[in-house]
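Now for the letters of each chain:
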Amino acid sequence: MVVGHANLIDSARGRGKESSGSSLRIVPSTGRPGYRPRMRVLILGGNGFIGSEICRVLSGRGHAVTALARAPEKAQRRLPNIAYLCCDLRGMQAASDWAFLSNFDAVVNAAGALQDSSRDDVAAVQKGAMLALYAAASTARIRLIIQISARTDGPGSGREFLATKHQADQALKQSGVAFIILRPAVVIGRNAHGGSALLRALAAIPCRTPLIHAEAQMQFAALSDVAQAAGDAIEGHIPTGSDLIVAAPETLSVRHAVAEHRAWLGLPPAKTVEIPAGWAQPVVWLADLLGRLGWRSPLRSTAIEIAGGGAAVTPSLARTAERAAAPLAATLAANPAGVQDLWFARLYLIKPLILGILSLFWFASGAIALLHFDQTAGLLAGAIGSRPAASALTVATSLADLLLGMAVVFRRFARPALIGMVLLSLAYLLSATIVAPELWADPLGPLVKVLPATMLALVALAILDER
């Protein structure tokens, strides 16, 4: 069991132990000598786009922040004053899983999942884990739960993403625990993830910008405003029981929002081409399929359905109080774009193409070698002087190529597959240079062509991280 924030810090300085009686692994804060926190706050989804900013803001305000995340090591290096609990909300479905809550004064839930995938279970994360949390919080005497939710009765409300958020919100209101619900509009920050990343990518497309639902209306909220709202809620500046929309008062079309981002990137204005939603359906189906393989594309069906109905305040939602946020133009102006932002925007939609091409290249390489086994083995036998050895080598390398080509399409195996591609390519080049150096001068360039494929794998490795 987690034994208190101070002990988390002590274990980081000492031995960095596992939590006893719990599956949670502790990745403690490096702390500050003599530090006395104002409140002990647990943040769910602390490694996420919104959650990480809330961590930073609350820590800066003097609170003892502990973040719960599935892969916190990199985040902990970036935010050394934050302690981390390494666990998966999909396995936190019973109140007993939250026994450590007694070590905290408040909880901020910034966790979420857009759509089911090999890495996400929407119902488990957004409903099951939250119901268990509320049950545990009522006995742990948690002072406050802040829920980062969404506009759940707007477009796409029937989708599991919004339906489970709505159910969790209602359960929180009925739990007897003091709460505040914040419902951000489309969140824009210095970094980008999901829909905000897609806006940047669309803005960077040269010549003409293809858009579906170009006239759909959207509202935006600066990430800093969302995090500050969470900080104000923690410190009592927002009354408990509040249910607030956090959004700039302006409403913009998707076309206008993309144009704003294009100007922010320093690119000249471009005309847009509106694509009928039906024409984009194959891309949506492909994005959903990739989601099953672990890739979280903002082009999945849930996001497209919600975007198609607009992301602005609807008449029913307008009854909920609003907390004003900075307009989109002001948010972008406060975070001037650099060349790295332009690189990200241009590479974002190319990234799946890079991985797809690598997959096809390696799979085809292995398949062609096996389909023309006698010819391939014969060429190798002429180089190494042994037909049996050449046959065995042909089978081994072909199967390796096929395996790498298939593995790279699974998000879980993409990194080791890409590393394998680079290492195997170097091995091919080295061995071929030793046994058949004349291949470097071959008119068809069988060795020269390996070099750009190797570099493409290195590019994929460089841009693989999602956050």
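The structure presented is a predicted model; accordingly, all values stated were derived computationally and were not measured.

A.B. asks: Would you mind showing me how to read the pairing of strand S5 (residues 106-109) here?
C.D. replies: Strand residues, when the strand is regular, have side chains that alternate between the two faces of the sheet. By the alternation rule, side chains of S5 split into Ala-106 and Val-108 and Val-107 and Asn-109, which are all buried. In the sheet, strand S2 (residues 40-44) pairs with S5 via four bridges, with the strands oriented parallel. For Ile-43, the partnering residue across the bridge sits in S5 and is Val-108.

A.B. asks: Teacher, can you tell me more about helix H7 (residues 223-234) here?
C.D. replies: Residue pairs three or four apart in sequence face the same way in an α-helix, which turns once every 3.6 residues. With 12 residues, H7 extends 17 Å from end C-alpha to end C-alpha; this agrees with the ideal 16 Å at 1.5 Å per step. Counted residue by residue, H7 has nine buried out of 12 residues, so it is predominantly covered. For H7, the full list of buried residues reads Leu-223, Val-226, Ala-227, Ala-229, Ala-230, Gly-231, Asp-232, Ala-233 and Ile-234.

A.B. asks: Which parts of the structure should I look at to understand the side chain of Ser-253?
C.D. replies: You can see Ser-253 is positioned in strand S13 (residues 252-253). By relative accessible area, Ser-253 is classed as buried at 12%. Within the local environment of Ser-253, its side chain forms a polar contact with the backbone nitrogen of His-256, the two atoms lying 3.0 Å apart. Dropping the residues within four chain positions of it, Ser-253 is found in contact with Ala-214, Glu-215, Ala-216 and Gln-217.

A.B. asks: Please clarify how empty space enclosed by the protein should be interpreted in this entry.
C.D. replies: In total, this model carries two cavities of 30 Å³ or more according to the counting rule given. The calculated volume of the second largest cavity comes to roughly 40 Å³. For the second largest cavity, the full set of lining residues is Asn-109, Ala-111, Val-125, Gln-126, Gln-147, Ile-148, Ser-149, Lys-165, Ala-168 and Asp-169. When contributions to the lining of the second largest cavity are tallied by element, the ones reaching two or more residues are helix H4 (122-140), strand S6 (144-148) and helix H5 (160-173). The element that contributes the greatest number of residues to the lining of the second largest cavity is H5, accounting for three residues. Residue composition of the lining of the second largest cavity, grouped by class: four nonpolar, four polar and two charged.

A.B. asks: Would you take a moment to explain the nonpolar core for this structure?
C.D. replies: A general tendency of soluble globular proteins is for nonpolar side chains to be buried together. Core analysis: the biggest nonpolar cluster contains 39 residues, and Ile-54, Val-108 and Leu-182 have the highest contact counts within it. If you list the elements that add at least two residues to this core, you get S2, helix H2 (49-60), strand S3 (64-69), S5, S6, strand S7 (179-184), H7 and strand S12 (243-247). Top contributing element to this core by residue count: H7, with seven residues. Residues within four places of Leu-182 in sequence aside, it is in contact with Ile-146, Gln-147, Ile-148, Ser-149, Val-226, Ala-229, Ala-230, Leu-244 and Val-246.

A.B. asks: Before we go on, may I ask you to explain the pattern of salt bridges in this structure?
C.D. replies: Side chains that differ in sign of charge can pair as their charged atoms come close. One pass over the full model with this rule turns up 24 salt bridges. A salt bridge links Glu-235 to Arg-38; the shortest N-O distance between them is 3.2 Å. Of this pair, Glu-235 sits in the loop between H7 and S12 while Arg-38 sits in the loop between strand S1 (25-27) and S2, placing them 197 residues apart in sequence. We classify Glu-235 as partly exposed; its relative accessible area is 22%. Ionic pairing is found between Arg-119 and Glu-466, a salt bridge with its closest N-O pair at 3.2 Å. With Arg-119 in the loop between S5 and H4 and Glu-466 in the segment after helix H17 (450-462), this pair connects stretches of sequence that are 347 residues apart. Taking relative accessible area as the criterion, Arg-119 reaches 23% and is therefore assigned partly exposed. Since its relative accessible area comes to 24%, Glu-466 is described here as partly exposed. One continuous salt-bridge network, built from bridges that share partners, spans Arg-70, Asp-88, Arg-90, Arg-119, Asp-120, Arg-296, Arg-411 and Glu-466.

A.B. asks: Would you mind going over the layout of surface pockets with me for this structure?
C.D. replies: Over the atoms, a rolling probe the size of a water molecule traces out where space has been left empty. Taken as a whole, the second largest pocket spans an internal volume of roughly 1400 Å³. Considering the residues around the second largest pocket, the lining is formed by 34 residues, among which Thr-376, Leu-380, Leu-439, Pro-446 and Leu-447 are closest to the centre. Going through the elements one at a time, helix H13 (351-371), helix H14 (373-384), helix H15 (387-407), helix H16 (411-435) and H17 are the ones with two or more residues in the lining of the second largest pocket. Partitioned by chemical class, the residues of the lining of the second largest pocket number 21 nonpolar, nine polar and four charged.

A.B. asks: In this structure, what is going on with the pairing of S3? I would like to understand it.
C.D. replies: The element S3 is largely enclosed, with a buried count of six among its six residues. By the alternation rule, side chains of S3 split into Ala-64, Thr-66 and Leu-68 and Val-65, Ala-67 and Ala-69, which are all buried. Both S2 and S3 contribute to a ladder of five bridges, which runs parallel. Among the inter-strand pairings, Leu-44 is bridged to a residue of S3, identified as Leu-68. Between S2 and its parallel partner S3, the chain crosses via H2, and the hand of that crossover is right-handed. Of the strand pairs in this sheet, S3 and strand S4 (residues 83-86) are connected by four bridges, and their pairing is parallel. Bridging across to S4, Ala-67 finds its partner in Tyr-84. Each parallel crossover has a hand, and for S3 linked through helix H3 (residues 73-78) to S4 it is right-handed.

The rules behind these values
- Residues numbered from 1 in each chain as written.
- Predicted model: local features only at pLDDT ≥ 70, side-chain atom pairs only at ≥ 80, totals over all residues.
- Heavy atoms only, no water.
- Buried < 20%, exposed > 50% of the residue type's maximum accessible area, 1.4 Å probe, protein only.
- Helix = DSSP H or I, 4+ residues; strand = E, 2+ residues; numbered from the N terminus.
- Pairing = 2+ DSSP bridges.
- Expected span 1.5 Å × (residues − 1).
- Polar contact = N/O pair within 3.5 Å; in protein donor to acceptor, adjacent residues only side chain to side chain.
- Contact = heavy atoms within 4.5 Å.
- 1 Å grid on protein atoms, 1.4 Å probe; cavity = no way out; pocket = protein on both sides within 12 Å on 5 of 7 lines; lining within 4 Å.
- Points joined across faces, edges and corners; volume = space filled by probe spheres on them.
- Nonpolar A, V, L, I, M, F, W, Y, C, P; charged D, E, K, R; others polar.
- Core = buried A, V, L, I, M, F, W, Y, C linked by side-chain atoms within 4.5 Å.
- Salt bridge = Lys/Arg side-chain N within 4 Å of Asp/Glu carboxyl O.
- Right-handed = clockwise from strand over helix to strand, strands pointing away.

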